[in-house]
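Fold and geometry: a report
Now for the letters of each chain:
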Amino acid sequence: MSHLLTALKVAGHSFAENYRSRFFALFLVFAGVLIYSSLLAGVMAVDEEARVITDFGLALMELITLAYALMASASAITREMETKTIYLVLSRPVSRPAYLAGRAAALYAVLASMLAVMALIHLSLLWVRGLAPAPMYLKAVAFIWCKLAVITSAALFISLFSTSAVSTVVIAAILWTLGHFTAEARFLASRSTGAAAVLLSTASLVIPDLQLFNARDLASSVPAPAGPAFLAAYLLLWLVVPYLFSLLLFRKKEF
Amino acid sequence: MTGREDAVLTLSEVHKSYRAPGLFGTAVIPALRGVSFELVRGEVAGLLGLNGAGKTTIMKLATGLLFPGSGSISVFGMPPSDMRAKKRVGYLPELPYFYPASTAAESLRYYAGLSGLGGAELDRRVSEVIEKVGLSPHARKKASEFSKGMMQRLGIAQAVVHDPDLLILDEPVSGLDPLAIHDIRVLISELNGSGKTVFLSSHSISELEKLSGRVFIMVQGALVRTVERREWESSSGGLEGIFVNTVKGGGPGGA
Amino acid sequence: MKKYPDLYLALFSAVVLCLAGRWAFLGTRSPFPPPDSIREVRRSAVGDAIALSLGLRRLAADVWFIRLMQYYGAPSPESAEAGAGPQEYGAGAYPEFLPMARHILALDPYFTNAALFSAGSLAFNMNRPEEAVAFLEDAMSFAPREWKYATLLSAIGYSKAKDPRKVAETITPLLNEPDCPVMLRQLGAFLNKKAGDYAAAYRIYGDILATSKDPFYVDNARREMEKLAPLLRAPL
């Protein structure tokens, strides 16, 4: 219980630090400007304005939050190590698992709050244009968060062994794109033999299938690729497993 | 080592090396060579040595930030990474750094919370300590606005806010003006007067002379000499003379 | 196990994750067509690759739909070369119309309105019903339960049989959908007018006037309502 409380304290403080960061505010302002600029695309789409504004807005929300997620998770722990603020935390009765969990939880909370704010901006745009949000809107936003949480978890793990924040961002960005290519990988695997087939099948084991959470790309009438129980379990696994591997690296890290 | 019941910090044949990646392999750089000493309750002990002698390494080992290659370390009879031990230790790293967007009060509240304080007791201790280190006029300023001296005061504040039994202070007067140095010296004496054990390192021989009951002299990772107060007080060259002779005459030898 | 519990826990959960990943890889059916169904159109390869790699199929389909409307909204390239003016109601060759329409559906096979707009334009404006039918059948392969495709197929069939009343009747359910493409509503109004059902035509034009943002269709609806009003003795 005390470890959980400690993790919550670390998470609360980290969330506040992110919230006060000027990059956070800049991202939100940038997001607001871009979301409203999707008005132009909506006008060009004429009678498909609702669909186009919705799609542009959701895509921008996802990409902007992705950029922040990658930058923040690449530097969450490494920055504390570089500035030595971590000394003042780990020299206290703060277990390393609790610290790591707190930092990760803070990032997930920051992403959720960013998406919430951007969704409000986006919905205000739809309201101004007299358009109703699509039935799958909330689900799309929630699933965007799921995708970002997965990649954040992976990026935190990568940051603990990569040589720089830039390389962490690059590797995580590659993982993001590969995660959307699972259908294509499956197609290629079915047509490949030998080493290529083995490589593709192996990749399918270790790369997160982000298409499972790509509700934004599906119409409301299309059934989800997997049931809610599987998706919840898959998400949980992709948050927990990188965390556990991060812990293996972090527990013996010296400062 | 006698393993005394009133031993607060015990190092026994501690070796520590660092790995430095090079072009043709990894170089092993010894930082500590078989260091053994014991701190007893209520004493003020100093650690003196040239840059790279191993002072900071010892302090980080005592706080669980580093792990020994061999040998043993115990804090209040427990491993340094034990949460019960950490609860009783206050650590001031060299050149402490704080979260730039947090105020002094917020930072202290955070660290006090991590050390197990809460509620009214936390509020009381934070107010007391801010007053004690002379930061009351600056409590609501952000750390990014702090001068070096104010950072150092805040560093000491976070080290003592949870009323620890053992203070490990790495260069506590580094970068301070003479008035601030006086204030910190008085504070350390008061803390020792209330029963705290103080272990401090410094480049300032005069500060160690004024504060310490005994001083450990480190040369190239080895504890070569332990000097009692009566010894340097009766020596014509004082602690400085003893130190210079030790460094010039010795290398790794006996205590 | 006792000495390194976290290591064993991490390995065990990694195995579970791999199994889950394998199940997801093999067990789930992608809702989208395989990548080889996406044919390059107007140097779209890089954009398509970016769209797929960032999970932005729907957005890419939107962009291509805007391009399709811009392409179709301009005079047909052959007519422009021959010096002719804009063709009436989108008639003209528009050789890239069908590849662009197919491209949109390859990116997002659930973009129903784009499919209806494209098939309707092919069948009723450009007089290419066979292509429209083939296109709709492709669309139905990914959305077999999409009744609007079946409805439009039937309408195309009746159109080939030169039965405007039947076509109008068939597409009426489509026209009642709030997101029905304005081109189809205009077609419905036109067919009802041709079949003598002026009230139905007037009602559909009124709906276009109230809901559409396309100035071409809005102006046309206003003009038609002015013509129909005396016939109905209905106010404008």
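In this report, we go over the structure that sits alongside the text. (Residues numbered from 1 in each chain as written. Chains lettered and ligands numbered in written order. Predicted model: local features only at pLDDT ≥ 70, side-chain atom pairs only at ≥ 80, totals over all residues.)

Of the residues lining the interface, 21 residues belong to chain A; the matching set on chain B comes to 23 residues. Of all elements in the fold, only α1 (2-20) and α4 (85-90) of chain A reach the threshold of two or more residues within the side of chain A that touches chain B. When its residues are assigned to classes, the side of chain A that touches chain B shows 7 nonpolar, 7 polar and 7 charged. (Contact = placed C-beta atoms within 7 Å. Helix = DSSP H or I, 4+ residues; strand = E, 2+ residues; numbered from the N terminus. Nonpolar A, V, L, I, M, F, W, Y, C, P; charged D, E, K, R; others polar.)

The partner chain A presents 45 residues to the 40 residues of chain C that form the contact. The set of elements that each furnish at least two residues to the side of chain C that touches chain A consists of α1 (5-27), α2 (45-53) and α3 (57-73) of chain C. It is α1 of chain C that contributes the most residues to the side of chain C that touches chain A, 14 residues altogether.

This next bit is on unusual backbone geometry. Phi angles above zero are rare outside glycine, and Gln220 of chain B is one such case at about 50 degrees. Within the fold, Gln220 of chain B resides in the loop between β8 (214-219) and β9 (222-228). Unusually for a residue other than glycine, Asn127 of chain C sits at a positive phi of about 55 degrees. Mapped onto the elements, Asn127 of chain C comes out in the loop between α6 (112-125) and α7 (129-142).

Residues and elements named next belong to chain B. The strand order across the open sheet formed by 3 strands is β2-β1-β4, and the pairing between neighbours is antiparallel. For this open sheet the edge positions go to β2 (25-40) and β4 (70-75), each flanked by a neighbour on one side alone. Neighbouring strand axes in the sheet, compared pairwise and without regard to direction, differ in orientation by 30 degrees on average. (Pairing = 2+ DSSP bridges. Axes fitted to C-alpha atoms, helices over the stretch in contact; angles between N-to-C directions.)

Let's shift gears to helix α8 (residues 147-160) of chain C. All names here are of chain C. Its 14 residues give α8 an end-to-end C-alpha distance of 20 Å, which sits within 8% of 20 Å, the value for a rise of 1.5 Å per residue. Listed as buried for α8 are Lys148, Tyr149, Leu152, Ala155, Ile156 and Ser159. All buried residues of α8 lie within an arc of 120 degrees about the axis, which places them on one face of the element. On its buried face, α8 sits against α6, α7 and α9 (164-175). After α8 finishes, the residue Lys162 shows a positive phi value of roughly 55 degrees. (Expected span 1.5 Å × (residues − 1). Buried ≥ 20, exposed ≤ 12 C-beta atoms within 10 Å, placed from the backbone. Arc of directions from axis to C-beta.)

It is worth spelling out helix α3 (residues 104-114) of chain B at this point. Helical geometry: 3.6 residues make up each α-helical turn, so side chains three or four residues apart lie on a common side. The element α3 of chain B is extensively covered by neighbouring structure, given that 9 of its 11 residues are classed as buried. Restricting attention to buried positions, one finds in α3 of chain B the residues Ala104, Ala105, Ser107, Leu108, Tyr110, Tyr111, Ala112, Gly113 and Leu114 of chain B. Tucked inside the fold, the buried residues of α3 of chain B contact α1 and α4 of chain A together with α4 (119-132) and α5 (148-160) of chain B. Gly116 of chain B occupies a position one or two residues after α3 of chain B and carries a positive phi of about 105 degrees.

Bringing the nonpolar core into the picture now. Judged by nonpolar contacts, the single largest core of 220 residues is most densely connected at Leu108 and Ala157 of chain B together with Ile104 of chain C. The biggest single contributor to this core is helix α3 (residues 49-83) of chain A, with 16 residues. Ile104 of chain C has contacts with Ala61, Trp64, Phe65, Leu68, Phe111 and Ala114 of chain C, leaving out every residue within four places of it along the chain. (Core = buried A, V, L, I, M, F, W, Y, C linked by C-beta atoms within 7 Å.)

All right, on to the sheet that holds strand β3 (residues 44-49) of chain B then. All names here are of chain B. Within the open sheet, the 6 strands sit side by side as β5-β6-β7-β3-β8-β9. Their pairing is mixed. What marks the edges here is a single partner per strand, and that holds for β5 (89-92) and β9. Going across the sheet, the axis of each strand differs from the next one's by a mean of 15 degrees, ignoring polarity. Looking at chain direction, β5 and strand β6 (residues 166-170) are connected through 4 bridges and run parallel. In the strand pairing of β6, Leu92 is matched with Leu169. The strands touched by helix α1 (residues 55-62) are β3, β6, β7 (197-201) and β8; relative to β6, the strand with the most contacts, the crossing angle is about 145 degrees. Sheet strands in contact with α5 are β5 and β6, and its direction is about 165 degrees off that of β5.

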